[in-house]
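Chains, contacts and geometry: an overview
What follows is each chain in one-letter form.
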Amino acid sequence: MPPSARVAVVLLTVVGALLLFSALLTWGGRDGVVDSYLRSQPEATRTDGDRLVLLNVAQGLLFGVPAVVSAGFLARRHGWARWAGVVTCGLLALLTVYLSVGTGGIPASSLLLLVLCIGAVSSLLAATTAAWTRSGARIAS
């Protein structure tokens, strides 16, 4: 496995694991998360807080599962996993930038996620990763 593919597998795994762990913690502590949200946004309702928790958990699952699956299959030289990783991390990076611009700042956790996603996309688009996934064994039709 070329270094670019190894880096991509590691970064996809880290991104996926972080997102899934965050979703698990958010879901497990949802009452505390909602209470904190309500303290910081006095005009918000409990329904707004519950919606925030659901959106955060859904985002973690929506991007975390494909990232981990892509990493696993990329390590097995599947070309589709390379493109799935590019789409997953590319969309996540764009969403992170969009939400950060919308809130007027970028928290350290979002910055870390953005850097990891950019690194993963760069490694996935590297010529050595592309060549390595194309050279995998193919089943004749």
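This next bit is on the overall build of the protein chain. Each helix and strand in the protein chain was counted, giving six helices and zero strands. Each helix and strand of the protein chain, placed in order from N terminus to C terminus, yields the pattern α-α-α-α-α-α. Over its C-alpha atoms, taken along the principal directions, the protein chain stretches across nearly 60 × 30 × 20 Å. Classification of the 141 residues of the protein chain by burial places 34% in the buried group.

Below, the discussion takes up the layout of surface pockets. Counted as a void, the largest pocket has a volume near 710 Å³. Every residue lining the largest pocket is counted, 20 residues in all, and those nearest its centre are Asn56, Gln59, Leu99, Ser109 and Ser110. Contributions of two or more residues to the lining of the largest pocket are made by α1 (3–28), α3 (46–74), α4 (79–103) and α5 (108–125).

Residues Leu61, Val65, Val69, Phe73 and Trp80 make up a contiguous nonpolar surface patch of roughly 430 Å² in combined accessible area. When residues in the nonpolar patch are grouped by element, the largest group, four residues, is from α3. With respect to the helices and strands, the residue Val65 is situated in helix α3. By relative accessible area, which is 41% here, Val65 ends up partly exposed.

With that out of the way, let us pick up the packing of aromatic side chains. Ring pairs (aromatic) are described by centroid distance and by the angle formed between their planes. Counting across every chain of the model gives one aromatic pair. With a centroid separation of 5.1 Å and 45° between ring planes, the pair formed by Phe73 and Trp80 is classed as tilted. Of the residues examined, Trp80 reaches a relative accessible area of 45% and is grouped as partly exposed. Arg30 extends its terminal NZ or CZ atom over the ring of Trp27, reaching a point 4.1 Å from the ring centre. One Lys or Arg, Arg76, reaches over the ring of Phe73 and ends 5.5 Å from the middle of that ring.

This paragraph deals with α3. The first and last C-alpha atoms of α3 sit 42 Å apart over 29 residues, in line with the 42 Å expected at 1.5 Å per residue. For α3, every residue scored as buried is listed here: Gly49, Val53, Val57, Gly60, Phe63, Gly64, Ala67, Ser70, Ala71 and Leu74. Along its buried surface, α3 packs onto α1, α2 (30–40), α4, α5 and α6 (127–134).

Bringing the confidence of the model for the protein chain into the picture now. Chain-level statistics for the protein chain give a pLDDT mean of 89 and a share of 95% at 70 or above. Contacts of residues 136–141 to residues separated by more than four positions or lying in other chains number three contacts, the stretch itself having pLDDT below 50.

Basis of the calculations
- Residues numbered from 1 in each chain as written.
- Predicted model: local features only at pLDDT ≥ 70, side-chain atom pairs only at ≥ 80, totals over all residues.
- Heavy atoms only, no water.
- Helix = DSSP H or I, 4+ residues; strand = E, 2+ residues; numbered from the N terminus.
- Buried < 20%, exposed > 50% of the residue type's maximum accessible area, 1.4 Å probe, protein only.
- 1 Å grid on protein atoms, 1.4 Å probe; cavity = no way out; pocket = protein on both sides within 12 Å on 5 of 7 lines; lining within 4 Å.
- Points joined across faces, edges and corners; volume = space filled by probe spheres on them.
- Patch = residues over 30% accessible without salt bridge, like charges linked within 9 Å, V, L, I, M, F, W, Y side chains within 5 Å.
- Areas by Shrake-Rupley, 256 points an atom, 1.4 Å probe, with all protein chains shown as cover.
- Salt bridge = Lys/Arg side-chain N within 4 Å of Asp/Glu carboxyl O.
- Phe/Tyr/Trp six-rings, centres within 6.5 Å; stacked < 30°, edge-to-face > 60°.
- Lys NZ or Arg CZ within 6 Å of the ring centre and 35° of its normal.
- Expected span 1.5 Å × (residues − 1).
- Contact = heavy atoms within 4.5 Å.
- pLDDT = per-residue confidence, 0-100.

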